[in-house]
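Residues per chain, in single letters:
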Amino acid sequence: MRRSLTATILVYAAVAVFAMSVLAPVAWLFVMSISTANDLTTIPLRWIPEQPDFSRYARLFSLEEGSAGLAFLSALRNSVIVAVSATAIALAAGIPAAYSFSRFSGRMPLLYAVIVTYMMPPVALILPLYKVFSALGLLNNVTSLIIVYCTILLPFVTWLMKSGFHSVPVEIEQAASIDGANLFQIMTRITLPVAAASTGAAALFALLLAWDEFFYALLYTSDTRAKTLPVAIADFAAGRATDYGLISAVGLLAALPPVLIGFFLQKSLLSGLSAGGVKG
Amino acid sequence: MNSFFKGAACGLALLIHQSLPAFAEDVTLNAIFMKQAAYSEDDTKAMAKAFEEANPGLKVNLEFVPYEALHDKIVAAQGAGSSGYDVVLFDVIWPPEFATKGFLQDVTARVPKGDRDKVFDGAWTTVDYDGKIWGMPWILDTKYLFYNEDMLKQAGISAPPKTFEELAEQAKIIKDKGIAKYPIVWSWSQAEALICDYTSMVGGAKGSFIQDGKLSFDTGGSVEAVNYMKKTLDDGVTNPNSREYLEEDVRKVFSAGEAAFAMNWTYMFNMANDPKESKVAGKVGIVPAPGFKGKAEASAINGSMGLGISAGSKHPDEAWKFITFMTSQETQNKYAKLSLPIWKSSYEDPAVTKGQEKLIDAAKISLGVMFARPMTPSYPELSSILQKNIQQVLLGQASTDDAMRAATKAAGRLR
Amino acid sequence: MAPAQQDRTAWLLLTPMISIMVLVTAFPLLNTLWLAFTDAGLTGQGYVWQWIGLENFAYILDDSDFRAAVGRTAYFTVISVSAEVVLGVLVALLLNQEFKGRTLVRALLILPWALPTIVNAVMWRLIYNPEYGSLNALLTQIGLLDAYRSWLGDPATAMNMVILADIWKNYPLIALIALAGLQTVPKDLYEAAIMDGANAWTRFWKITLPGIMGALSVAMVLRAIEAFKVFDIFYVMTRGGPADSTKTVSFFVYQESFTYLRAGSGAAYALTVTAMSALMIAIYVVLLVRREKRS
């Protein structure tokens, strides 16, 4: 289908507006990260700092004992471990469950029950779980965060994947079934690849939710061995001498890994799919 | 038979293990501190290291959290029944709650009798509750009135204000001369910071939070304080953005040279004098917060913090040793550039006063008149009530009388 | 498969999920349920409690501050989720068009979402800063605003400004899920519709929207649940102020349990919030199912 010239111009204009709306606040974050404290309190506002100051980035990559860099880099490591493991487990348990809900009718109340646990404000669950982890010696350990995050991710991974599986026609599965494939083969080789876009979206969603979680991590971790990025950032923001530039720098760097992961995920999933196409 | 032996062996091993600490030297103390400017993380670590060197066999495991998380982490660790922390840093407003709910150990018997007089009375109120002592004061802090010396000179004002009335008058002059659009900046956001400024004013009006044995906020000093706050807003001498500001915002506005007066904690003195952080370095004046005319010459809020032994600690003696070291005059004098000592005689020590004479002069007065926020186990809730009602006045949503009456009524219902 | 065998397979597939959920959440949930009917207070020695039946809930029903907070939270939820859905679908449709640099622009979608909530909140707090914020500077420089103003200090604007910050961060999620949904809408349906002479508007309502509605409604419900228990962004940006104008229901749960150490009523508030959330979602799901049946 060809587009008219007006339509093309409109599309590009809209894309420009969209890109601006996303980039402008982040660009400001970047400006703050390279501005000195005095530049940041100038009226009228100085949009571009007089003397760009990259020292915060240098500080964030230094590895001295007790430095901001060590706090940041270990938090980055912990966050990656926690988010990736929790997402992997949630997908491994959530995909079969979603498949079950989607292909075998009659167990929907169970799904709703699982979703209700997601509605509970985390504050209410934090203390009892603290007790459990304390007894198990799992406080200040990434394992406890992975366990908790799984339960946060599972309800919606399951639900999202269920709706994804719904859009996969049952006919192609039946064909494979006649050819002698077992259920596991059908699920992994037929259904899952066709629902790849939903899987990608669910995975990314899960990853970012785990990446973002703050309150459990704040209470369950106490040093560089387990603190995740949000907690480390809160540490940087704490106290009575807040360096907004440093927080901005940390914030930007913290957003990079998910952006990269998302970039590759969507490239392989979304574009791969629209090229191949799904005929219903 | 076999399992019996196993059990017996286990029991024996356990017995030996449990009796070991009595002989073994190594004890590790877990301590929770906060990330902040007064006694930075590095300094606290250095102090702990000096302690470990002086006490072989004792190790201190330090954890630093933001102030906002300090209370939550202490109660979570204790409430969950884990042994958790041995030494905890607590804010002046927590001892009533921590004492009545069993989070802290009573250390009255541990404090040497002679120390009582050597430390500021105001500092002791940080750790006193119900006639008992719950720790040692460590960070001694109060809010001062900072002023921009250049702006005052430019306005032809020879001396900083001694009363809140004078403060408003001077600010009016500065505003009328066009030197600053909004001469005074405060931290009146919906937060504890608002209550600190308010309490300081109530102290400056010689008011009281207790009337006939009950919490009361709708008479005398309280009403005078809130009326004053509202009036400076209406007159345009207080920066209206104060209603969304915290201490850090106040520091930024003052350091940018946009306010002639600012109320803030000790830490701002050195930071506003740092050319990297401030455009008014070298022009920063500091005096005690004023009082109300005819009532007081100065006012101050007790914003100190103390170190205590948590109720669940299995090593209270070692914990106390550590607290004694951290709060000792020697340690405190060494780090006096960041936080002033609790010991009276330190203020005559040139090593402490050098380079911060202006601050010390103000501190000598302020520390003597430190006024405490209401002492009640349900203080956190009371603070929320006051924050909301005072803010309603400042935003013009309610009259002082109505709002403070509502606050008193709500305080009476506290469970 | 025989029905019995089908049933067994269905349960088998569910086992991993159920075991994880039960193992981890059963104890805290039961604990919360029990606490809600007690006057438990948190002390240094654990909970000190007494059974008080429904007293906590009676207190909550009578709490006019909490009722006001429910209204505010509902406002936050409805406005931010509906704006996120509209924006999300529009952006998804846009990014589904052919244009140069599409992969890169699509990756942009992840950027706001990848900023941790705390950073997002601090960032917007700085943007809204009444004196040094870029919003005031921008609006005055392009002539939309006469004088600098306080965005988060004014009860009339504070809530909406936080909503704006929340939308900016979260609508990309909806967009991404809608975009994934668009990939599964069969292309030949469009070709057939064009043959029949349907215009773009009709095609959107008859083909596109029904095609992505499944995934979209899941995303919407999840966002609504999240929005209803919102806490972090307000905690950083306004702490519930000015004058309680941005205090949401989660603040009550947090304050009761952690600040005031009343575990019992904290649990009761938590259950009340959960029940409201469940009710809200149930109504939505029922409406959705009814609509599906009609069409």
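Calculation rules
Counting restarts for each chain, with residues numbered from 1 along the sequence as it is written. Think of it this way: whatever chain is written first is A, whatever ligand is written first is 1, and the rest follow in order. Two thresholds apply to this predicted model, a pLDDT of at least 70 for residue-level local features and 80 or more for giving and counting side-chain atom pairs, whereas whole-chain, interface and lining totals are computed over all residues. Think of the side-chain values as coming from all heavy atoms in the structure, minus any hydrogens and water. Only DSSP runs of H or I reaching four residues or more are called helices, and only runs of E reaching two or more are called strands; each is numbered from the N terminus. Exposure categories follow from relative accessible area, calculated using a 1.4 Å probe and restricted to protein chains: below 20% of the type maximum is buried, above 50% is exposed, and the middle band is partly exposed. Any two residues whose heavy atoms approach within 4.5 Å at even a single point are treated as in contact. For the accessible areas, the method is Shrake-Rupley and the probe is 1.4 Å, while residue cover comes only from the protein chains on display. When charges are counted, neither His nor the chain ends are considered; positive counts come from Lys and Arg and negative counts from Asp and Glu. Note on charges: their place is set at NZ of Lys, CZ of Arg, CG of Asp or CD of Glu. Pairs of N or O atoms are called polar contacts if they sit within 3.5 Å, as long as, within protein, a hydrogen donor faces a hydrogen acceptor (for residues adjacent in sequence, only side-chain-to-side-chain pairs). Pairs of strands are assigned from DSSP output, requiring at least two bridges between the strands. Axes here mean lines fitted to C-alpha atoms, for a helix over just the part in contact, with angles spanning 0 to 180 degrees between N-to-C directions. Salt bridges are identified by distance alone: a Lys or Arg side-chain nitrogen within 4 Å of an Asp or Glu carboxyl oxygen. An angle below 35 degrees is read as roughly parallel, one above 145 as roughly antiparallel, one from 65 to 115 as roughly perpendicular, and any other as oblique. Any residue that is not Ala, Val, Leu, Ile, Met, Phe, Trp, Tyr, Cys, Pro, Asp, Glu, Lys or Arg is counted as polar, Gly included; the first ten are nonpolar and the last four charged. One fewer than the residue count of a helix, multiplied by 1.5 Å, yields its expected span. What is called the bend at a residue is the angle between a pair of axes, fitted to the seven residues leading up to and ending at it and to the seven starting from it.

Once that is clear, we can look at the overall build of chain A. Helix and strand counts for chain A stand at twelve helices and zero strands. Ordered by position from N to C terminus, the α and β elements of chain A give α-α-α-α-α-α-α-α-α-α-α-α. When the backbone C-alpha atoms are referred to their principal axes, chain A occupies close to 70 × 65 × 30 Å. Sorting the 280 residues of chain A into buried and exposed places 57% on the buried side. Across chain A, every contact between residues at least 6 apart in sequence was considered, and the portion connecting residues at least 24 apart equals 71%. In the form shown here, chain A has an accessible surface area of approximately 11200 Å², with 68% of it arising from carbon and sulfur atoms. Averaging the coordinates of the 16 positive side-chain charges in chain A and doing the same for the 13 negative ones gives two points 9 Å apart.

Let's shift gears to the environment of Arg67 of chain C. Residues and elements named next belong to chain C. With respect to the helices and strands, Arg67 occurs in helix 3 (residues 64-95). Sequence separation between Arg67 and Thr202 is 135 residues; the distance between their C-alpha atoms is 42 Å. If near-sequence neighbours (up to four positions away) are discounted, Arg67 is found in contact with Leu61 and Asp62. At a separation of 2.7 Å, a polar atom in the side chain of Arg67 contacts the main-chain carbonyl oxygen of Leu61.

All names here are of chain B. If you trace the four strands from one edge of the open sheet to the other, you get 8-11-7-12, paired in mixed fashion. Strand pairing shows two members of the sheet lacking a second neighbour, strand 8 (184-185) and strand 12 (284-288), which therefore form its edges. The pairing of strand 7 (residues 143-148) with strand 12 spans five bridges and is antiparallel. Looking at strand 12, one finds that Tyr144 is bridged to Pro288. Here helix 16 (residues 357-366) sits on the sheet and contacts strand 7 and strand 12; the angle it forms with strand 12, its principal contact strand, is near 15°.

Bringing the interface of chain B and chain A into the picture now. Tallying the contact residues gives 30 residues for chain B and 24 residues for chain A. At the junction of chain B and chain A, the tally comes to zero salt bridges. Between chain B and chain A we count seven residue pairs in polar contact (both at pLDDT 80 or more) in total. Contributions of two or more residues to the side of chain B that touches chain A are made by strand 2 (58-65), helix 3 (67-79), helix 11 (247-255) and helix 12 (267-272) of chain B.

Moving on to the environment of Trp28 of chain A. Here Trp28 of chain A lies in helix 1 (residues 5-33). With 56 residues separating them in the primary sequence, Trp28 of chain A and Val84 of chain A have C-alpha atoms 30 Å apart. With residues near it in sequence (within four places) discarded, Trp28 of chain A still touches Leu45 and Trp47 of chain A together with Ile127, Tyr132 and Ser134 of chain C. Here the side chain of Trp28 of chain A touches Ser134 of chain C through a polar contact of 3.3 Å, side chain to side chain.

What follows concerns the packing of helix 3 (residues 68-103) of chain A against helix 8 (residues 183-194) of chain A. All names here are of chain A. One way to put it is that helix 3 packs onto helix 8 with a least axis distance of 12 Å and a crossing angle of 95°. Judged by the angle between their axes, helix 3 and helix 8 are roughly perpendicular. Residue-level contacts link Ile95, Pro96, Tyr99 and Arg103 of helix 3 to Leu183, Ile186, Met187, Thr191 and Leu192 of helix 8. Grouping the amino acids of the contact of helix 3 with helix 8 by side-chain chemistry returns seven nonpolar, one polar and one charged.

Residues and elements named next belong to chain A. With 15 residues, helix 5 (residues 122-136) extends 20 Å between its outermost C-alpha atoms, agreeing within 8% with the 21 Å of an ideal straight helix rising 1.5 Å per residue. Along helix 5, the sharpest change in direction is near 30° and occurs at Pro128. Within helix 5, burial applies to Val123, Ala124, Leu125, Ile126, Leu127, Pro128, Leu129, Tyr130 and Phe133. Gly137 sits one or two residues past helix 5 and shows a positive phi near 70°.

We now examine the pattern of salt bridges. Scanning all chains against the criterion turns up 32 salt bridges over all chains. A salt bridge links Asp234 of chain B to Lys230 of chain B, with the nearest nitrogen and oxygen atoms 2.8 Å apart. On the criterion of helical spacing, the pair formed by Asp234 of chain B and Lys230 of chain B is a turn pair, its members being four residues apart in helix 10 (residues 220-234). Residue Asp234 of chain B is classed as exposed on the basis of its relative accessible area, which comes to 52%. Two residues, Arg262 of chain C and Glu381 of chain B, come together in a salt bridge whose shortest N-O distance is 2.9 Å. One end of the pair, Arg262 of chain C, is in the loop between helix 12 (249-259) and helix 13 (263-294); the other, Glu381 of chain B, is in helix 17 (residues 379-394), on a second chain. When its relative accessible area of 13% is taken as the criterion, Arg262 of chain C is described as buried. The network of salt bridges with shared partners includes Glu248, Arg251, Lys252 and Glu277 of chain B.

Treat this as a map of the structure, not an account of what it does.
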